[in-house]
Structures are given as C-alpha cells and as structure tokens.
Amino acid sequence: MDNNIDSSDLRSYLHMKSFQYPVAKYPFKELLESLYGCELSDLHKYIGGFDKFDRQHDQSTLIHKVFYSNFKEKIKPIYENFIKEFIPKIVLYKPFYYQIIPTLRVGLPKNVFVGEFHKDSFYNHQKYELNFNLGLANYEGDASLVTEIIPNSKDWVKLSCPYGNIFSFDHIDCLHGSKINNSNKTMVSFDFRLALKEIYFSSESKSVNMKSLFKPGEYFSKEVI
Ligand SMILES: [Fe+2]
C-alpha cells in the first residue's frame, strides 16, 4: 500500500516519522568525537562564548569549520554509504538526488541551533525536497527541533532524535526552529535534503549559506540513487 504513495505526497507522509539505523555500521558520532578530541556534548567547554545565533551566524563556529573541512576525507565515505544503503527503503525506493554536504547543527548551551523560525521555502527550497535530521548528541528536550504539526496550524511539537535515529519532517510547509538550549550539554546533529527525481525541476534557486545552485552536480549529487 505504501508503494502507492506519489513522490509529491512523500514529504507529508514522512512528516514526524523516525527510523533507527545501526550505529556500528555508520559510526558518525565516534568519528566526529575522534576528530574533535572530546565528547560532542562537551564541545561548548572549548569553543568560547557566542552571542545568540541569528541566521547569518548559525554556521559560523570553529566546530562547523572543522566539520566542513574534514567532510570529504573523513565523513563523506560513511555518509554516502548511509545514503545509498539505508535511505532508499525509507523513501519507498523513489529515485532521488542527495545533498552532497549535509548541514551541521550545533546547539550550544543558552543558544539556538537555527537562527530564526522559518519554512525552508522562505530560503528558496523547493517542493521536490525531503528533509532528514540525524541526531548525534543531546538532540532532546530544549535542544529539540520545534515544528508545526500541520502547516500553518501554529500547533507545535518538539522532535527529539537520540543517536542511532533519524527523523523526517515537512521543512517546506511547516514553520520550524529551535528554542534556547537550557541544558548544560552541546546539541550536535546534521541534516540533509533529498530531491525526488520524479518531481524535480531545474531552477536558478541557490542555497542561502553556500550559494550553490539546487542542481544535480552542485548542491545535490549528480548521481541518482
Ligand atoms: Fe529549516
């Protein structure tokens, strides 16, 4: 029955659904902890103080720079295996392009991990996208993602994501953001988008942070999975 779902209905079908994956096979957290040399929950102890992030600064810390500069060599091999082996079943084997470099989120204590409440459609993202969040540390409680349950409802839910889980949500039509992390642990996660091939269309839209075109071979993979 699931296989009767059209690509255009898949984003709302997957909204707020969680999935477990084997961490031994995709050890993202262990890899990042060896890269940073500390537990991810403790990163705030070594990074100094920051003002509350706004949209321009929520990708600006040294934690982000270390992630992106090591991505290709250290993280990409596991990420690509994960995308190719684990994700197809979840998306009901619909063909897709994937975000080549996932977006790292860091929720420091007394700070937010996204700069403002928004829909990704405000930032040029298109309706052919799906969005997945992968929690690495402390993605719970105050440091959860806050999202509308139904588009434009202003009914909110907190989505948590313990390590070993991913969740999807409707990032295009539901307002979402983060509240102040009132715990004393750093929240770390990354998220990535897929572009469903059956409903993909080319446009001149660009990502706000990376300024790359939402096209296969730029923001998205050239390869179809
Ligand atoms: Fe978003």
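Scroll up a little and you will see the structure.
Predicted model, so just to flag it, every value in this text is computed and none were measured.

The rules behind each value
Residues numbered from 1 in each chain as written. Predicted model: local features only at pLDDT ≥ 70, side-chain atom pairs only at ≥ 80, totals over all residues. Heavy atoms only, no water. Salt bridge = Lys/Arg side-chain N within 4 Å of Asp/Glu carboxyl O. Helix = DSSP H or I, 4+ residues; strand = E, 2+ residues; numbered from the N terminus. Buried < 20%, exposed > 50% of the residue type's maximum accessible area, 1.4 Å probe, protein only. Donors = N, O, S within 2.8 Å, 3.2 Å for Na, K, Ca; no water. Bend = angle between axes of the 7 residues up to and from the residue. Polar contact = N/O pair within 3.5 Å; in protein donor to acceptor, adjacent residues only side chain to side chain. Core = buried A, V, L, I, M, F, W, Y, C linked by side-chain atoms within 4.5 Å. Contact = heavy atoms within 4.5 Å. Arc of directions from axis to C-beta.

S.K.: Where do I start with the pattern of salt bridges in this structure?
M.R.: Between side chains of opposite charge, a pair can form as their charged atoms come close. For the coordinates displayed, the defined rule picks out 11 salt bridges. A salt bridge links Lys-127 to Asp-173, with the shortest nitrogen-to-oxygen separation between them at 3.1 Å. Pair noted here: Lys-127 is in the loop between strand E3 (103-107) and strand E4 (129-137) and Asp-173 is in the loop between strand E7 (165-168) and strand E8 (176-177), with a separation of 46 residues, a long-range link. For Asp-142, the salt bridge goes to Lys-158, with nearest N and O atoms at 3.7 Å. Separated by 16 residues along the polypeptide, Asp-142 in the loop between E4 and strand E5 (145-148) and Lys-158 in strand E6 (residues 156-159) bring together distant segments of the chain. Exposure remark for Lys-158: the relative accessible area of 47% places this residue in the partly exposed category. Three or more residues joined by partner-sharing salt bridges are found here, namely Arg-11, Lys-127, Asp-170 and Asp-173.

S.K.: Is there a simple way to think about the coordination of the iron ion in this case?
M.R.: Working reference: metal with six octahedral donors, ideal angles 90 or 180 degrees; metal with four tetrahedral donors, ideal angle 109.5 degrees. Around the iron ion, the protein supplies His-118 (NE2), Asp-120 (OD) and His-176 (NE2) as donor atoms, at distances of 2.1 to 2.2 Å. Donor residues for the iron ion sit on one chain with the sequence pattern H-x1-D-x55-H. With His-118 in the loop between E3 and E4 and His-176 in strand E8, this pair connects stretches of sequence that are 58 residues apart. The class for His-118 is buried, based on a relative accessible area of 6%. A relative accessible area of 4% places His-176 in the buried class.

S.K.: Would you take a moment to explain helix H3 (residues 62-85) for this structure?
M.R.: Given 3.6 residues to a turn, an α-helix orients residues that are three or four positions apart in the same direction. The axis of H3 is deflected most strongly, by about 85°, at Phe-71. Inspection of H3 places Ile-63, His-64, Phe-67, Asn-70, Phe-71, Ile-75, Ile-78, Tyr-79, Glu-80, Phe-82 and Ile-83 among the buried residues, and these make up the whole buried set. Backbone nitrogen of Ile-63 and a side-chain oxygen of the N-cap are separated by 3.2 Å at the start of H3; the cap is Thr-61.

S.K.: What exactly am I supposed to notice about unusual backbone geometry here?
M.R.: Note: most residues except glycine have negative phi, and most peptide bonds are trans. You will see that Lys-110, though not glycine, has its phi angle at about 65°, which is positive. Secondary-structure assignment places Lys-110 in the loop between E3 and E4. Unlike most non-glycine residues, Asn-124 shows phi in positive territory, near 75°. Relative to the helices and strands, Asn-124 resides in the loop between E3 and E4. Since its relative accessible area comes to 33%, Asn-124 is described here as partly exposed.

S.K.: Just to check I follow, could you spell out the nonpolar core for this structure?
M.R.: Within soluble globular proteins, side chains that are nonpolar tend to cluster in buried spots. Core analysis: the largest hydrophobic core is formed by 44 residues, its most contacted members being Phe-28, Phe-82, Ile-87 and Val-91. Listing elements by their share of this core, those giving two or more residues are helix H1 (10-14), helix H2 (28-36), H3, helix H4 (87-90), strand E2 (96-98), E3, E4 and strand E9 (187-196). Top contributing element to this core by residue count: H3, with eight residues. Discounting residues that sit within four places of it in the chain, Phe-82 has contacts with Tyr-21, Tyr-26, Phe-28, Ile-87, Leu-134, Ile-166 and Phe-192. Among the nonpolar cores identified, the runner-up in size contains 10 residues, and Ala-143, Phe-167, Phe-169 and Met-187 belong to it.

S.K.: Can you walk me through H2 in this structure?
M.R.: Taken together, the buried positions of H2 are Phe-28, Leu-31, Leu-32 and Tyr-36. Taken end-on, H2 shows its buried residues confined to a sector of 125°, consistent with a single buried face. The elements touched by buried residues of H2 are H3, E3, E4 and E9. Remark: Gly-37 follows H2 within two positions and exhibits a positive phi of approximately 75°.

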